[in-house]
Amino acid sequence: MSNEVTYDATAEVDVIKGHPQDEPLRATVKSGEAEGVSCSSSELKNTALTNSENSDILKKYAQDYPVGPHDKPQSMCPAFGSLRVGLRMRRVATVLSGSACCVYGLSFVSHFYGARRSVGYVPFDSESLVTGKLFEDIRDAVHDLADPEHYDAIVVTNLCVPSASGVPLRLLPNEINGVRVIGIDVPGFGVPTHAEAKDILAGAMLNFARQEAEAGPVQSPVGGKNSRPTVALLGEMFPADPMVIGGMLAPMGLAAGPVLPAREWREMYAALDCGAVAAIHPFYTATLREFDAAGRPAVGSAPVGYDGTAAWLENIGRVFNVDADKIAAAQNAFLPAIKSALAANQISGRVTVSGYEGSELLVARLLIDSGADVPYVGTACPKTEMSLADAEWLASKGTVVKFRASLEDDLAAVDAFKPDLAIGTTPLVQAVKEKGQAALYFTNLVSARPLMGPAGAGSLAQVINAAISGGERMEHMREFFEGVGTHDTSGVWEGAPNVRPDFRAQNQKKIDKAARAAKAQEMI
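Cut-off values and rules
Residues numbered from 1 in each chain as written. Predicted model: local features only at pLDDT ≥ 70, side-chain atom pairs only at ≥ 80, totals over all residues. Heavy atoms only, no water. Helix = DSSP H or I, 4+ residues; strand = E, 2+ residues; numbered from the N terminus. Buried < 20%, exposed > 50% of the residue type's maximum accessible area, 1.4 Å probe, protein only. Areas by Shrake-Rupley, 256 points an atom, 1.4 Å probe, with all protein chains shown as cover. Salt bridge = Lys/Arg side-chain N within 4 Å of Asp/Glu carboxyl O. Polar contact = N/O pair within 3.5 Å; in protein donor to acceptor, adjacent residues only side chain to side chain. Contact = heavy atoms within 4.5 Å. pLDDT = per-residue confidence, 0-100. Pairing = 2+ DSSP bridges. Right-handed = clockwise from strand over helix to strand, strands pointing away. Core = buried A, V, L, I, M, F, W, Y, C linked by side-chain atoms within 4.5 Å. Axes fitted to C-alpha atoms, helices over the stretch in contact; angles between N-to-C directions. Parallel < 35°, antiparallel > 145°, perpendicular 65-115°, else oblique. Left-handed = near helix turned anticlockwise from the far one by under 90°. Nonpolar A, V, L, I, M, F, W, Y, C, P; charged D, E, K, R; others polar. Phe/Tyr/Trp six-rings, centres within 6.5 Å; stacked < 30°, edge-to-face > 60°.

Counting its regular elements, the protein chain contains 22 helices and 14 strands. Out of the 524 residues in the protein chain, the part that is buried amounts to 48%. Taken as a whole, the protein chain presents about 25700 Å² of accessible surface, with 53% of it coming from carbon and sulfur.

Here's what the structure looks like:
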């Protein structure tokens, strides 16, 4: 018998195994609690705010993450953001409490993106939800998992239904057997984007770490404490970017600190020990609040492009009271290289930018510095103090910046500005390509590239210019597929599609009736 051939270490990952149940789980949930109610419905949100034990948490979310003109997430489930943060950390277990379909979807997406880590799940039914047995089940699950040989922390996340029903994760013990317990609520009706869900968990963990540091000695970083003052970096970025930033800080006698969200618990102690935090991604409201509580100032924007790098280095130097000649030395060491890289990698064409990652404004700055015409930038994230510098710079270049942009806003911008290339989310890319125009998916093809300093200066030109030059090919593809139908009539039919407008009319009446009932309920 031959040996098994493997291609990676997936088979070696520890898997949390479930335990057999005495009787099958009843999946029934009372109407109005979950069945037939979407995760972003106003009905569920209003119920949570008025009746939930977690209403204070939801009111805090409303302040930290204002919803803007649209109150429903238009990207993937927001909880994916916090789930991803937890799954990327070493020695951290993740447990979800929510509807089975939601947990299945989140688990699938997390493993699709290479989590290679088990996702714990505490199921419930109508009885356990109403009687409080669900909380007891969560508490028992956390006690079973709390093994200090394997974990530094356990993250428990309430999804929509437990959050709306008031399952009180705050009553869980702070630690069990030396294992920290972090409970958070990430309902789709209270958190607009998965980017901001990252902030919820990152902020909760940093709050815990800050209290530990204030209480007494904590673990040192793996590589020891840096001898130079450090700048903590806030926001997920390309792996090379922190190293590039560290190189640009060196002439000022500074060093790059840990990147948050962290990959290991002890990194948060080192982050709190920084001299300042660079909000590379500006939407981390709760996390920045913890840095402020620790007395650490924050600097917005990032060393992106020529103007962005010059201004960022100057702002960092001022925060650390660095001599003007050292700031100038750092600028002179890198700005010429950035200028040369931008000149050698020019982009010719009109590009609109949209997305929900939080780095849309930085990408737009780099595109403009590379010669592109960028008339519109839309981000699903909110406007914050940390994003003001980028927004003002873009406005000075004639760019329309739309915070809390919806898909409809982004599509309207494409129709109005008629770009050579539209960068955006999956539904936007799909809509643009259906018209025979060039489009790129922001998350995988644009944000997954270096953006900082000289390395970032020439990183976008090749993929952007290639996409723009392929616009004619998209038009040929549209012509090739002409006549195969669209939406529910797509495909090759032997006869005419059986559309049944009477069925549509009947269904529309049901939708209109439900909308009127919901409106009447709001008036009551």
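Next up on the list: the pattern of salt bridges. Going through the model one piece at a time under the given rule, you end up with 17 salt bridges. The partner of Lys 225 in a salt bridge is Asp 273, with the nearest N and O atoms 3.4 Å apart. Of the two residues, Lys 225 sits in the loop between helix 8 (194–215) and strand 6 (230–234) while Asp 273 sits in the loop between helix 10 (266–272) and strand 8 (276–278), which places them 48 residues apart along the sequence. Given a relative accessible area of 65%, Lys 225 falls into the exposed group. Given a relative accessible area of 38%, Asp 273 falls into the partly exposed group. Residues joined in a network through salt bridges with shared partners are Arg 88, Lys 198 and Glu 236.

Now for the side chain of Thr 443. Relative to the elements of secondary structure, Thr 443 occurs in helix 18 (residues 442–445). A relative accessible area of 14% means that Thr 443 is categorised as buried. Here the side chain of Thr 443 touches Glu 357 through a polar contact of 2.9 Å, side chain to side chain. When neighbours within four sequence positions are excluded, Thr 443 is seen to be in contact with Tyr 356, Glu 357 and Ala 448.

Let us look at the confidence of the model for the protein chain. Taken over all residues, the pLDDT of the protein chain has a mean of 86, while the share at 70 or more is 88%. Note that pLDDT drops below 50 for residues 1–7; the model gives that stretch 0 contacts with residues more than four away or on any other chain. Across residues 17–37, where pLDDT falls below 50, the model places 24 contacts with residues more than four positions away in sequence or in other chains.

What follows deals with the pairing of strand 12 (residues 400–403). As defined by bridge partners, strand 11 (residues 373–379) adjoins strand 12 across 4 bridges and the pair is classed as parallel. Paired with Tyr 376 across the bridge in strand 12 is Val 400. Handedness of the crossover is the feature at issue here: the chain leaves strand 11, passes through helix 15 (residues 388–396), returns alongside strand 12, and the resulting connection is right-handed.

Counting 60 residues, the largest nonpolar core has Leu 367, Ile 423 and Ile 464 as its most contacted members. If sequence neighbours within four positions are ignored, Leu 367 has contacts with Ile 347, Val 351, Val 353, Ala 372, Val 374, Ile 423, Leu 460 and Ile 464. Formed by 53 residues, the second largest nonpolar core is a distinct cluster that contains Leu 106, Ala 195, Ile 200 and Tyr 284.

Our next topic: unusual backbone geometry. Leu 260 connects to Pro 261 through a cis peptide bond whose omega is 0°. Turning to its location among the elements, Pro 261 is positioned in the loop between strand 7 (255–260) and helix 10. With a phi angle near 55°, Asn 321 is a residue other than glycine that sits in the positive phi range. Mapped onto the fold, Asn 321 is located in the loop between helix 12 (305–319) and helix 13 (324–344).

Further remarks concern the packing of helix 8 against helix 11 (residues 285–293). Orientation of helix 8 relative to helix 11, taken along the N-to-C sense of each, is 20°, at an axis distance of 7 Å. What the angle tells us is that helix 8 and helix 11 run roughly parallel. As helix 8 runs across helix 11, the sense of the crossing is left-handed. For the pair helix 8 and helix 11, the contacting residues are Asp 199, Ala 202, Gly 203, Leu 206, Asn 207 and Arg 210 in the first and Thr 285, Ala 286, Thr 287, Glu 290, Phe 291 and Ala 293 in the second. Residue classes in the contact of helix 8 with helix 11 are distributed as 5 nonpolar, 4 polar and 3 charged.

Before going further, it helps to spend a moment on the packing of aromatic side chains. Per the stated rule, a full pass over the model turns up 5 aromatic pairs. Where Phe 108 meets Phe 112, the ring centres are 6.4 Å apart and the plane angle is 20°; that geometry is what we call stacked. With Phe 108 and Phe 112 both in helix 4 (residues 100–112) and 4 residues apart, the pair spans about one turn of that helix. Residue classification places Phe 108 among the partly exposed residues on the basis of a relative accessible area of 49%. Consider the rings of Phe 283 and Tyr 284, whose centres lie 4.6 Å apart with planes at 25°: the pair is stacked. The class for Phe 283 is buried, based on a relative accessible area of 2%.

Before going further, it helps to spend a moment on the sheet that holds strand 11. Overall, parallel pairing links the 5 strands, which are arranged 12-11-10-13-14 in an open sheet. Since the sheet does not close on itself, it has two edges, and those belong to strand 12 and strand 14 (439–441), each with one partner. Between one strand axis and the next, the sheet turns through 10° on average, direction left out of account. Where strand 13 (residues 421–424) lies against strand 14, 3 bridges are found, and the strand directions are parallel. Residue pairing across strands places Ile 423 opposite Leu 440, the latter belonging to strand 14. Running over the sheet, helix 16 (residues 407–417) touches strand 10 (350–355), strand 11, strand 12 and strand 13 and is turned about 165° from strand 11.

So, about the packing of helix 14 (residues 360–369) against helix 15. Interaxial distance between helix 14 and helix 15 falls to 10 Å at its minimum, and their mutual angle equals 35°. Along this stretch, helix 14 crosses helix 15, giving a crossing that reads as left-handed. Along its contact with helix 14, which presents Leu 361, Leu 362, Ala 364, Arg 365, Ile 368 and Asp 369, the element helix 15 presents Ala 389, Asp 390, Ala 391, Trp 393 and Leu 394. Partitioning the contact of helix 14 with helix 15 into residue classes produces 8 nonpolar, no polar and 3 charged.

The next point concerns the sheet that holds strand 4 (residues 175–176). In space, the 5 strands of this open sheet follow the order 2-1-3-5-4, with mixed pairing throughout. Each of the sheet's edge strands pairs with one partner strand only, and the pair in question is strand 2 (120–121) and strand 4. Bridging between strand 3 (residues 153–158) and strand 5 (residues 179–185) involves 6 bridges; their strand directions are parallel. Across the sheet, residue Asn 158 finds its bridge partner in strand 5, namely Asp 185. Sheet strands in contact with helix 8 are strand 1 (92–97), strand 3 and strand 5, and its direction is about 140° off that of strand 5.

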